[in-house]
There are 2 protein chains.
Amino acid sequence: MSRKKQIEQTATALFKSKGFSATSMRDLANALGIEAASIYSHIKSKEEILQRVCFRMADEFFEAIDAAEATGGTATERLQHAITAHVQVLTNNTEASAVFLHEWRHLSEPYHSQFLSLRDTYEARFRGIIKTGIKNEEFMVPDEKFAALTILSGLNWIHTWYKPEGKMTPAEIADNLSLMLLMGLKTKTDTTLPKSHLTTP
Amino acid sequence: MSRKKQIEQTATALFKSKGFSATSMRDLANALGIEAASIYSHIKSKEEILQRVCFRMADEFFEAIDAAEATGGTATERLQHAITAHVQVLTNNTEASAVFLHEWRHLSEPYHSQFLSLRDTYEARFRGIIKTGIKNEEFMVPDEKFAALTILSGLNWIHTWYKPEGKMTPAEIADNLSLMLLMGLKTKTDTTLPKSHLTTP
DNA sequence: CAAATTTGCTAACGGTTGTTAGGCTTGCTA
DNA sequence: TAGCAAGCCTAACAACCGTTAGCAAATTTG
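Below you will find a few notes about this structure. For clarity, every value in this text was computed on a predicted model and none was experimentally measured.

Rules and cut-offs
Along each chain, numbering runs from 1 in the same order as the chain's sequence is written. Written order decides the labels, with chains lettered from A and ligands numbered from 1. Residues qualify for local features only when their pLDDT is at least 70, as the model is predicted, and side-chain atom pairs are given and counted only at 80 or more; totals for whole chains, interfaces and linings, by contrast, use all residues. To get the side-chain values, all heavy atoms of the structure are used, and hydrogens and water are removed first. In this comparison the copies share one frame, found by least squares on the C-alpha atoms of residues holding pLDDT of at least 70 in both. It only takes one pair of heavy atoms within 4.5 Å for two residues to be counted as in contact. Axis lines are fitted through C-alpha atoms, for helices just across the contact stretch, and the angle between N-to-C directions can take any value from 0 to 180 degrees. Elements are defined by DSSP. Helices are runs of H or I of four residues or more, strands are runs of E of two residues or more, and each kind is numbered from the N terminus. In this scheme, roughly parallel covers angles under 35 degrees and roughly antiparallel covers those over 145, while 65 to 115 is roughly perpendicular and the rest are oblique. If you view the pair so one helix is near and one far, a crossing is left-handed when the near helix is turned anticlockwise from the far one by less than a right angle, and right-handed when it is turned clockwise. Accessible surface is computed with a 1.4 Å probe, and the buried area is the amount of it that two parts give up when combined, taken over both parts together. For salt bridges, the criterion is a side-chain nitrogen of Lys or Arg within 4 Å of an Asp or Glu carboxyl oxygen. N or O atoms closer than or at 3.5 Å make up a polar contact, with two conditions inside protein: a donor-capable atom paired with an acceptor-capable one, and, for residues adjacent in sequence, both atoms drawn from side chains. Any helix carries an expected span of 1.5 Å times its number of residues minus one. Each residue is placed in one exposure class: buried if its accessible area under a 1.4 Å probe, protein chains only, is under 20% of its type's maximum, exposed if it is over 50%, and partly exposed if it falls in between. When two rings of Phe, Tyr or Trp (its six-membered ring) have centres within 6.5 Å they constitute a pair, described as stacked for plane angles under 30 degrees, edge-to-face for angles over 60, and tilted for the intermediate range. Charges are assigned to positions over rings by a cutoff of 6 Å between ring centre and Lys NZ or Arg CZ, combined with an angular limit of 35 degrees from the ring normal. Nearness of a residue to a molecule or strand requires only that one of the residue's heavy atoms be within 4 Å of it.

Overview of the relation of the copies chain A and chain B
In step 1: Of the transformation placing chain A onto chain B, the axial shift is 0.0 Å and the rotation is 179 degrees, giving an RMSD of 0.1 Å. In symmetry terms, the pair is related by a two-fold rotation axis.
In step 2: Most of the interface of chain A is mirrored in chain B, where 100% of its interface residues again form contacts.

Dropping the structure here:
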């Protein structure tokens, strides 16, 4: 592995645990066993590392959902595949995922805006699937934007507890999450809906 | 309002938008229209502000779930009430919630450990309700820890998009979330389960 | 073996950080 | 009216920040 990749990887681990701003170049250098100034033989700036991690992860998420959606099928199946794809990317690189999810706001312009735009595009893919499912009468949900955000936020917590050596494989996590988000917690036989303040029946 | 509360509130807004580490005392002073050194007439340190926000929010979450669980009822009802209580606290103070959820890791010891301990206790309350629901056969879910974390993470994304002037009231948000998390996206009539890698039937 | 590239070093820069010391002004209270 | 407290100021501190310059050793490549 190239030295640059090593630096990026070590930095990612530090960014995850301490945050981007609270990680100094001297911290990073110390973790690498070299001097801070030496890092600049390999990278242009501290933010360059953050940029590379954020946009590489964005690429991975898009590639994953492209592959997942290419299979077609019902909205239910497509959503399942999208969830599985998302979980796979998250579990394949938990540290970079954490940075991607939490440290992007330290990007400077124009990267900050670019990132937000990409994120919105990605969320729109989920909204699209859910919208289709609502039209199909596969799904019953008050608002597709609301649903998409809740699903994604449910998925995006994984990196805080997932350990590769844990008892659940990424595929099982994805299945459990699909099941829970699509079917809810309630047993099928129990059809009592929670009482609601909603006016729409 | 006391000057100290003002400082705390202004700091909370900055901590939310820029993060704790990236917010300097001079930034905070500038937002208040005074000099950085003047702040130390009111507080002991920068971290004291973070501590106060984090532990005050923790208190609020505990008070809310205490009140919610005191009503009793089925596991379904208790979970609904807990979700509503959680959403109420989140929406009542979105900025402090964001700090509570994302900036706690910048607490120094022993506050860091204390905070994690409180958070785990709070999560255990949700796990307890879900566990009861599984025993009651109200809920059908592979793992209560998994379910609790997914629910809480679904709730904890609210602060990123919730605006008091938005079209959904906190009560409606809580209802929609309860409905979605308890019943899932799928229409009731459609009983087809997603295909699964799980061995447990 | 020679050239070129990679990798690291020391020293230092200009700027920013959280925080302290000490003093001045304002407004309330005894 | 004297005294006190609240609130803010300037000046400064030691430490730390990201980064650059210039150079030396090591490793790879021709």
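Additional details are given in the paragraphs that follow.
Let's talk about the packing of helix α6 (residues 111-135) of chain B against helix α7 (residues 144-155) of chain B
All names here are of chain B.
In step 1: Viewed as axis vectors pointing N to C, α6 and α7 meet at an angle of 125 degrees, and their least axial separation amounts to 9 Å. The angle between α6 and α7 places the two elements in the oblique class. Along this stretch, α6 crosses α7, giving a crossing that reads as right-handed. Within the contact between the two elements, α6 uses Y122, E123, F126, R127, I130, K131 and I134 and α7 uses E144, K145, A147, A148, L149, I151 and L152.

Brief notes about the interface of chain A and chain B
In step 1: With 57 residues of chain A at the interface, the matching set in chain B holds 57 residues.
In step 2: Between chain A and chain B the total buried area reaches about 5400 Å² when both faces are included, carbon and sulfur atoms providing 68% of it.
In step 3: Where chain A packs against chain B, one counts two salt bridges.
In step 4: Between R105(B) and E103(A) there is a salt bridge, with the nearest N and O atoms lying 2.7 Å from each other.
In step 5: Viewed at the interface, chain B and chain A are joined by five residue pairs in polar contact (both at pLDDT 80 or more).
In step 6: Looking at the side of chain A that touches chain B, the elements that each hand over two or more residues are α1 (3-18), α4 (75-92), α7 (144-155) and α8 (170-183) of chain A.

Regarding α7(A)
Residue and element names in this part refer to chain A.
In step 1: Its twelve residues give α7 an end-to-end C-alpha distance of 16 Å, which sits within 8% of 16 Å, the value for a rise of 1.5 Å per residue.
In step 2: Of all twelve residues that make up α7, ten are buried, and the element is covered over most of its length.
In step 3: Along α7, the residues that are buried comprise F146, A147, A148, L149, T150, I151, L152, S153, G154 and L155.
In step 4: Capping the start of α7, D143 holds a side-chain oxygen 3.3 Å from the backbone nitrogen of K145, two or three residues further along.

Some remarks on the packing of aromatic side chains
Residues and elements named next belong to chain A.
In step 1: Enumeration over the complete set of coordinates arrives at 21 aromatic pairs over all chains.
In step 2: Seen from their ring centres, F55 and F115 are 6.2 Å apart, and the 80 degrees between their planes marks the pair as edge-to-face. Pair noted here: F55 is in helix α3 (residues 46-70) and F115 is in helix α6 (residues 111-135), with a separation of 60 residues, a long-range link. With respect to burial, F55 and F115 carry one shared label: buried.
In step 3: Taken together, the ring pairs connect F55, F61, F62, F100, W104, Y111, F115, Y122 and F126 into an aromatic cluster.
In step 4: The cationic tip of K46 hangs over the ring face of F20; the distance from NZ or CZ to the ring centre is 4.5 Å.

Considering the protein's contact with DNA strand C
In step 1: Not every one of the 16 residues close to DNA strand C is listed here, only the nearest: E35(A), S38(A), M25(B), Y40(B) and K46(B).
In step 2: Considering the 4 Å shell around the protein, atoms of DNA strand C inside it are sugar or phosphate in 59% of instances.
In step 3: A distance of 3.5 Å separates a phosphate oxygen of DNA strand C from a polar atom in the backbone of T23(B).
In step 4: Interatomic distance of 2.8 Å between a side-chain N/O atom of R26(B) and a base nitrogen of DNA strand C.

Re the protein's contact with DNA strand D
In step 1: In the vicinity of DNA strand D there are 16 residues, among which M25(A), R26(A), Y40(A), E35(B) and S38(B) approach most closely.
In step 2: One nitrogen or oxygen atom from the main chain of T23(A) is found 3.5 Å from a phosphate oxygen belonging to DNA strand D.
In step 3: The contact in question runs from a phosphate oxygen of DNA strand D to an N or O atom on the side chain of H42(B), over 3.3 Å.

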